[in-house]
Amino acid sequence: MFRRILIANRGEIAVRVARTCREMGIPTVAVHSTADRESTVVRLADEAVQIGPPPPSQSYLNAAAVLQAADQTGADAIHPGYGFLSESPDFADACEALGITLIGPPASVMAVLGDKTSARALMSRAGLPLLPGSLDPLDAEAARDLASTIGFPVIIKAAAGGGGRGMQVVHGAAEFVDAFRRTQATAQMLFGDGRVYVERYLAKARHVEIQVLCDGHGNAVHLGERDCTVQRRHQKLIEETPAPNLPDGLAERMGQAAVQGALAAGYVGAGTFEFLVDPDGSFYFMEVNCRIQVEHPVTEMVTGVDLVREQILIAAGQRLRMTQDDVHRRGVSIECRINAEDPAQNFAPTPGTVDEFVPAGGAFVRVDTHVYPGYRIPPNYDSLLAKLVIWAPHRDEAIERMRRALAEFRVRGPRVSTTQEFLAAVLNDPRFRSAGHTTSLVDELLGEEHP
């Protein structure tokens with residue numbers, strides 16, 4: 001087992017990793033920017049190293065500073081969490097060169113799956129269903145011709161994109177070339193890579209993903225599906241498992257497809273295969289996330305599996321401790337992401353000082369957070385304050401428990417707004433309650449509130 005794990009992240013996921021490491025008896029090192037010197041993970045970790053000023057490019061994305069911190073503290077493994085360096089093949093290569101284990105898949109796997117076009121090509125060869133589109137980046141004219149062939153609407157996506165960024169829906173040929181070039185420019189700005197590709201856009205789809213675990217000995221299992229259909233601008237707001245109202249057998253077929261794809265890619269660690277589900281019951285591969293997901297707690301709540309612990313054990317070279325027959329899921333779990341954003345102002349971030357912070361509690365309620373009274377929300381990072389997660393035997397009970405928990409969760413501070421009321425409105429919407437919603441639900445709600 002590792003002597004010491006450096007946590008190359010911040011916020012709630014850094015706290016989450018630190019807690020599992022403490023339970024496993026593994027000392028931890030927290031790296032932090034100057035904005036996070038008083039963060040919760042700094043207090044929880046055994047050591048802390050300041051690695052730079054608030055801008056991520058000078059701290060959490062500064063691979064050299066992270067690796068220097070690992071060297072000076074004797075860390076022999078790094079857990080990257082999600083975001084930042086978690087899916088960087090170059091960082092994975094640098095770790096390997098220094099004899100440090102990055103808790104995640106090999107750099108070569110990250111490189112193939114992190115590029116959406118090569119990932120699509122690999123999954124096509126592995127037999128997974130894909131939406132019609134390009135398997136290679138195209139120039140504007142070739143992409144327009146392809147879009148006309150497969151039929152509008154289409155979606156233009158950054159090949160190196162992730163996190164719901166770097167994509168644009170196009171409804172007709174007249175607007176295509178301008179949209180294509182804008183997406184290229186956005187991709188270059190966000191990811192340093194202007195390559196984009198095109199695929200058919202499903203306007204009324206559901207977004208369902210599969211959690212997989214794979215060891216370095218050729219063993220793989222899936223831990224079921226998560227429904228991530230409630231989104232705004234491709235950013236997830238509410239997740240739940242199991243996915244409600246799927247056709248019989250569909251979730252298991254998706255799980256088997258994800259395992260098949262993971263084995264074809266030589267995947268190692270925890271990963272997520274994302275799919276779109278058409279109203280007719282067809283499903284299509286979208287992408288693979290080579291890291292722990294923000295929404296991993298709902299899977300943990302219904303399976304009893306600590307995914308971070310499994311990541312660490314796999315990275316240490318151990319075999320999976322379960323087979324597919326050992327995976328049992330009970331009940332329903334829902335997660336709401338509570339962000340410091342103002343829905344009335346187009347979800348603008350609201351950084352500021354949190355004067356009052358009272359998490360929800362009660363039976364079968366979990367709160368993953370790094371926030372405390374007096375915490376200053378910095379403007380430099382993602383606006384996620386907490387993940388509110390509940391469990392119940394049945395979906396109706398789960399929705400009511402989440403409604404209660406949202407109502408009692410208190411976050412107060414000058415100029416600090418949160419998404420709690422908006423999330424409660426989604427839970428109350430009959431389309432969500434009946435599981436008849438699609439990825440357009442949030443846009444429909446906003447349009448109804450603001451005609």
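Everything below is about the structure printed above this text.
Residues numbered from 1 in each chain as written. Predicted model: local features only at pLDDT ≥ 70, side-chain atom pairs only at ≥ 80, totals over all residues. Heavy atoms only, no water.

Q: Looking at this model, I keep getting lost on helix α4 (residues 89-97). Mind explaining?
A: Side chains three or four residues apart in an α-helix point the same way, a direct result of the helix having 3.6 residues per turn. Burial in α4 covers these residues: F91, A92 and C95. Viewed along the axis of α4, the buried residues span an arc of 100 degrees, placing them on a single side of the element. Among the exposed residues of α4, those oriented more than 90 degrees off its buried face are D90, E96 and A97. Close packing links the buried residues of α4 with α3 (63-73), β4 (77-79), β5 (101-102) and α5 (107-114). Just downstream of α4 lies G99, where phi reads positive at about 75 degrees. (Buried < 20%, exposed > 50% of the residue type's maximum accessible area, 1.4 Å probe, protein only. Helix = DSSP H or I, 4+ residues; strand = E, 2+ residues; numbered from the N terminus. Arc of directions from axis to C-beta. Contact = heavy atoms within 4.5 Å.)

Q: Please clarify how the sheet that holds strand β7 (residues 167-170) should be interpreted in this entry.
A: As a general point, the strands of a sheet are linked pairwise by backbone hydrogen bonds and lie either parallel or antiparallel. Taken in spatial order, the 3 strands line up as β7-β6-β8 in an open sheet, and their pairing is antiparallel. On the outer flanks of this sheet lie β7 and β8 (196-200), each paired with one strand and no other. Strand after strand, the sheet turns through a mean of 25 degrees between neighbouring axes, direction not considered. Here strand β6 (residues 154-158) pairs with β7 via 4 bridges, running antiparallel. (Pairing = 2+ DSSP bridges. Axes fitted to C-alpha atoms, helices over the stretch in contact; angles between N-to-C directions.)

Q: Help me understand the pairing of strand β10 (residues 220-232) in this model?
A: Within a regular beta strand, the side chains point alternately toward one face of the sheet and then the other, so they alternate between its two faces. Among the 13 residues that make up β10, 12 are buried, leaving the element largely enclosed by the rest of the structure. Both strand β9 (residues 206-214) and β10 contribute to a ladder of 6 bridges, which runs antiparallel. If you follow V208 over to β10, its bridge partner there is D227. Joining the antiparallel neighbours β9 and β10 is a turn of 5 residues, in which G218 adopts a positive phi near 85 degrees. For β10 and strand β11 (residues 235-241), the ladder comprises 4 bridges, and the chain directions are antiparallel.

Q: I tried to follow the pairing of strand β12 (residues 269-277) on my own but got confused; where do I start?
A: Taken across its 9 residues, β12 has 9 buried, putting it largely inside the fold. Summarising the sheet, β9 and β12 pair through 9 bridges and their orientation is antiparallel. Residue pairing for β12: H207 is matched across the bridge by L276. Both β12 and strand β13 (residues 283-289) contribute to a ladder of 6 bridges, which runs antiparallel. For L276, the partnering residue across the bridge sits in β13 and is Y284.

Q: Quick question: what am I supposed to make of the environment of H171 here?
A: Topologically, H171 is positioned in the loop between β7 and α8 (176-191). Considering only alpha carbons, one finds H171 and P153, 18 residues apart in sequence, at a separation of 4.3 Å.

Q: Explanation requested: the state of the cysteines in the structure shown.
A: Working definition of a disulfide: a covalent bond connecting the sulfur atoms of two cysteines. Tallied over the full model, the rule gives 0 disulfides. No disulfide involves C21; its sulfur sits 15 Å from that of C95, the nearest cysteine. Unpaired in this structure, C290 has its nearest cysteine sulfur neighbour in C214, at a distance of 10 Å. (Disulfide = S-S within 2.5 Å.)

Q: Honestly, the packing of α4 against α5 in this entry has me stumped. Any pointers?
A: Where α4 meets α5, the axes come as close as 8 Å, and the angle between the chain directions of the two elements is 175 degrees. As the angle between them shows, α4 and α5 are arranged roughly antiparallel. On α5, the residues touching P89, A92 and D93 of α4 are A107, M110 and A111. Its residues assigned to classes, the contact of α4 with α5 comprises 5 nonpolar, no polar and 1 charged. (Parallel < 35°, antiparallel > 145°, perpendicular 65-115°, else oblique. Nonpolar A, V, L, I, M, F, W, Y, C, P; charged D, E, K, R; others polar.)

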